[in-house]
Amino acid sequence: MYGEHWGAMSGPEEEARRVYAETFGGHEPQLAVFAPGRVNLIGEHTDYNGGFVLPMALPLVTVIVGSPRKDGKICIVTTAEGADEPHKVEFETPSVDRPLTTGAPKWANYVKGVIQHYRAGPVPGFNAVIATSVPLGGGLSSSASLEVASYTFLQQLCEDDGDLVQKALTCQKAEHTFPGVPCGIMDQFISVMGREGHALLIDCRSLEVKPLPLTDPKLSVLITNSNVRHELTGSEYSTRKKQCEEAAKALGKETLRDASMEELEAQKDHLNDVCYRRARHVITEIERTSKAAKALENGDYRLFGKLMVESHNSLRDDYEVSCPELDELVSIAMEIAGVYGSRMTGGGFGGCTVTLLETSVAERTKEQIKDKFRGSPSFYITKPSTGSGVLSQ
Ligand code: GLA
């Protein structure tokens, strides 16, 4: 994992090139692409309910380097820390009567899913090496960055029509069908569309995007990785999604995006308590995200921070996807004057918090967290970065 001031993309790119030369007989790769991880500032568990999210792309990236080969075989190596064994896989390019299927190792399923669903084909054989600075399973979208990097790599091998929305949707479909996670669109979307110096307000129903500048040097975004991961993530995510669908159905709506708090209150007696609270989180979170976007536009960081803390409390109490470590990180950060707001970010049950603060108190906040937090955190002071693309040779 890289330190606070990681050297943009150079780390994983150098590593991928070195391992490529070692693995594939000293040759230079002909292609090199990257896709970023993300941090979500606010709008959690709203994307699969058609709501708003406000993420930004990170300078933490997954890089893929490689070259085509002529025998129809695909050979991929990963150098990612924490990826399951083996770190090298080899298989035939898919055909209509021989589609790719999931299997071990798990990390390769993200790539296979994208190859299988790629929108222009047939995909030729290739050799590739993957390296990443996005911590695996840390809630910063290591999976989406791998999918989007894979798609970007395939675009260099056999060009598609360049439709970026379809690119994000295809990567989401790969995640649904191969690793089998019923995720929303946020992570793949921001990894494709990220814009330097901007957070993106994404309407996950219409897929319209509004870029919001985030370049005030007096303001910083601090990511704190708790470095804990509770194993609940997979099953709990789909349970939450089903509970939201049940609540929407009871309210006679297609998604919770179309429901108001008044409508929810009116139906309270017809919903079980859990579904009621899940829906309350989603409806209020969508509202908070719209308000937060306006606050950012007005430079009202205090209001933005207050909404972040409300978001965290709602995720903890109503949605029940936080954990004691994340709660502790938020309350330690909030003790410091100059910290506007802090909350868990991503799916939950571990991973990271995101904190909005005055740049002048960033170091002090890190020190205080290191002193008081029961675990061993890592920090990233980060800036909004660009979406996926090609690395120049
Ligand atoms: C994960 C999913 C996203 C989103 C978040 C929660 O990161 O991949 O689609 O649902 O959780 O906001």
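Before any of the text, the structure's been laid out above.
Let us look at the structure shown here. (Residues numbered from 1 in each chain as written. Predicted model: local features only at pLDDT ≥ 70, side-chain atom pairs only at ≥ 80, totals over all residues. Heavy atoms only, no water.)

Our focus in this paragraph is unusual backbone geometry. Each neighbour pair has its own omega, and for Glu 85 with Pro 86 the value is -5 degrees, a cis peptide bond. Structurally, Pro 86 is set in the loop between strand S4 (73-78) and strand S5 (88-92). Phi at His 45 takes a positive value of approximately 60 degrees, unusual for a residue other than glycine. Its location among the elements puts His 45 in the loop between strand S1 (31-40) and strand S2 (52-53). One non-glycine residue with positive phi stands out, namely Asn 227, at about 60 degrees. (Helix = DSSP H or I, 4+ residues; strand = E, 2+ residues; numbered from the N terminus.)

Following the criterion strictly, the structure yields 5 aromatic pairs and no others. Positioned over the ring face of Tyr 319 is Arg 240, at 6.0 Å from the centre of the ring. Across from the ring centre of Phe 52, 4.4 Å away, lies the NZ or CZ of Arg 257, which sits over that ring. (Phe/Tyr/Trp six-rings, centres within 6.5 Å; stacked < 30°, edge-to-face > 60°. Lys NZ or Arg CZ within 6 Å of the ring centre and 35° of its normal.)

Right, let's talk about the site of the ligand for a bit. As a matter of local geometry, the ligand sits amid Arg 38, Glu 44, His 45, Asp 47, Tyr 48, Cys 183, Gly 184, Met 186, Asp 187, Tyr 237, Gly 346 and Gly 347. Between the ligand and Glu 44 there is a distance of 2.6 Å, counted from an oxygen atom to a side-chain nitrogen or oxygen. Coverage of the ligand by the protein amounts to 92% of the 300 Å² it exposes when considered alone. Assessed atom by atom at 2 Å from the grid points, the ligand resides in the largest pocket. Split into classes, the residues belonging to the shell around the ligand amount to 4 nonpolar, 4 polar and 4 charged. (Near = heavy atom within 4 Å. Polar contact = N/O pair within 3.5 Å; in protein donor to acceptor, adjacent residues only side chain to side chain. Areas by Shrake-Rupley, 256 points an atom, 1.4 Å probe, with all protein chains shown as cover. 1 Å grid on protein atoms, 1.4 Å probe; cavity = no way out; pocket = protein on both sides within 12 Å on 5 of 7 lines; lining within 4 Å. Sits in = over half its atoms within 2 Å of the grid points. Nonpolar A, V, L, I, M, F, W, Y, C, P; charged D, E, K, R; others polar.)

Before going further, it helps to spend a moment on empty space enclosed by the protein. For the structure on display, the rule yields 1 cavity of 30 Å³ or more. By volume, the largest cavity is sized at about 50 Å³. In terms of lining, the largest cavity is formed by Ile 64, Ile 76, Val 111, Ile 115, Phe 126, Ala 128, Ile 130, Ser 150, Phe 153 and Leu 154. Counting residues per element, the ones that place at least two in the lining of the largest cavity are helix H2 (106-117), strand S6 (125-132) and helix H3 (142-157). In terms of residue class, the lining of the largest cavity is built from 9 nonpolar, 1 polar and no charged. (Points joined across faces, edges and corners; volume = space filled by probe spheres on them.)

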